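Below, each chain spelled out in residue letters.
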Amino acid sequence: MPNARELLAFYLEAGVDCALSETPVNRLVEEPASEERPAAKPALFRTANPPPVVPASAHSAPAAPDAAIMSAREIAPRAASLQELRELLERFDGCALKSTATRLVFADGNPEAKIMFVGEAPGRDEDLEGLPFVGRSGKLLDLMMAAIGLDRTKVYIANIIPWRPPGNRDPSPQETQICLPFIRRQIALVDPDVLVCLGKPSSQAVLDLKDGIMKTRGKWIDYDTGTRKIKAMATFHPAYLLRQPIYKRLTWQDLRAVQKALQG
Ligand code: URA
């Protein structure tokens, strides 16, 4: 019989590293038949005012991914400010990650910044603090920014996915598609001059780049915010640099190009 320490080690290895509630839930117990307990109608979005876009329910189940993607595409562009966008996300129930995350991780930094960094998804530290890039890779991101004279008062930082995936697993393609309209709207509302996507998932989702980061990094492309074209670049994710410090040299080249673009 394993002891408590061994059990915890087993859970940790399986990616279970946080408790979601005070009391355990036995998910192996059979649910009552559907006639006894009618299934809750899934709602994607709990509206305050004005009236709902889709049916509202206080206890909404995550919606089917396609419906959630359509709902996200419909509502995200309506946010007229970053505050409205944050509130939309707080009420949006279309992404199942929300139910396992502790809280929404919306953004950090200066909404008036000329430069915006977009990462992938919050990890454990971000989930606890509610701010992006505050863990180990965030510390490296701070150093990378400092190397070109930037800090969090001069940049705006967000992720494609604003809720931590359980156990830090990769977000699924559907989860990415569901969250994409929101980060696109966030970029449009911040309206930076320069956009930097950190790592492959961010550069593939936001910049629509098909190749891996080795091929795409360091090259300027145009990103259309909907109102204008801004300069965008992919570079290595700091978490990758922690594992592969050899690529810091190439990242330094990318950062110098970013610095030049901001000055020019
Ligand atoms: N990695 C990310 O992509 N984003 C964070 O906020 C933290 C780690």
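Residues numbered from 1 in each chain as written. Predicted model: local features only at pLDDT ≥ 70, side-chain atom pairs only at ≥ 80, totals over all residues. Heavy atoms only, no water.

**Q** A description of helix α11 (residues 248-263) should follow, citing residues and the corresponding values.
**A** Between its terminal C-alpha atoms α11 stretches 22 Å, which fits the 22 Å expected from 16 residues at 1.5 Å a residue. Of all the residues in α11, the buried ones are Leu-250, Thr-251, Asp-254, Leu-255, Val-258 and Ala-261. Buried positions in α11, seen along its axis, are confined to an arc of 140° and lie on one side of it. Exposed side chains of α11 directed beyond 90 degrees from the buried face belong to Arg-249, Lys-260 and Gln-263. Contacts made by the buried residues of α11 are with β2 (115-119), α6 (136-147), β4 (194-198), β6 (229-235) and α10 (238-243). (Helix = DSSP H or I, 4+ residues; strand = E, 2+ residues; numbered from the N terminus. Expected span 1.5 Å × (residues − 1). Buried < 20%, exposed > 50% of the residue type's maximum accessible area, 1.4 Å probe, protein only. Arc of directions from axis to C-beta. Contact = heavy atoms within 4.5 Å.)

**Q** I'd like a rundown of the site of the ligand, residues and numbers included.
**A** Close to the ligand lie Gly-119, Glu-120, Ala-121, Pro-122, Glu-126, Pro-132, Phe-133, Ser-137, Asn-159 and His-237. Here an oxygen atom of the ligand sits 2.8 Å away from a polar atom, N or O, in the main chain of Glu-120. Contacts to the ligand include Phe-133, whose backbone N or O atom sits 2.9 Å from an oxygen atom. In the complex, the protein chains occlude 91% of the 230 Å² of accessible area that the ligand would expose alone. (Near = heavy atom within 4 Å. Polar contact = N/O pair within 3.5 Å; in protein donor to acceptor, adjacent residues only side chain to side chain. Areas by Shrake-Rupley, 256 points an atom, 1.4 Å probe, with all protein chains shown as cover.)

**Q** Outline the sheet that holds β2, listing residues and values.
**A** By way of backbone hydrogen bonds, the strands of a sheet pair with one another, either parallel or antiparallel. The six strands lie next to each other as β1-β3-β2-β4-β6-β5, forming an open sheet whose pairing is mixed. Of all the strands in the sheet, just β1 (108-109) and β5 (221-224) have a single pairing partner and so form its edges. As paired elements, β5 and β6 share four bridges and run antiparallel to each other. By the bridge assignment, Ile-221 is partnered in β6 with Ala-232. (Pairing = 2+ DSSP bridges.)

**Q** Give me unusual backbone geometry: which residues, what numbers.
**A** What is expected of a backbone is that most residues other than glycine have negative phi and most peptide bonds are trans. Positive phi, close to 60°, is recorded for Asn-168, a residue that is not glycine. In this structure, Asn-168 sits in the loop between β3 (155-159) and α7 (173-190). By relative accessible area, Asn-168 is classed as partly exposed at 43%. Unlike most non-glycine residues, Asp-191 shows phi in positive territory, near 50°. Along the chain, Asp-191 falls in the loop between α7 and β4. Residue Asp-191 is classed as partly exposed on the basis of its relative accessible area of 30%.

**Q** Any details on the packing of helix α3 (residues 82-91) against α7? Residues and values, ideally.
**A** It is at 10 Å that the axes of α3 and α7 come closest, and there the two elements cross at 165°. As far as their axial angle goes, α7 and α3 are roughly antiparallel. Note on packing geometry: the crossing formed by α3 with α7 is left-handed. Facing α3, whose interface residues are Leu-82, Leu-85 and Leu-89, α7 presents Phe-182, Arg-185, Gln-186, Leu-189 and Val-190. Each residue belonging to the contact of α3 with α7 can be placed in one class, and the counts come to six nonpolar, one polar and one charged. (Axes fitted to C-alpha atoms, helices over the stretch in contact; angles between N-to-C directions. Parallel < 35°, antiparallel > 145°, perpendicular 65-115°, else oblique. Left-handed = near helix turned anticlockwise from the far one by under 90°. Nonpolar A, V, L, I, M, F, W, Y, C, P; charged D, E, K, R; others polar.)

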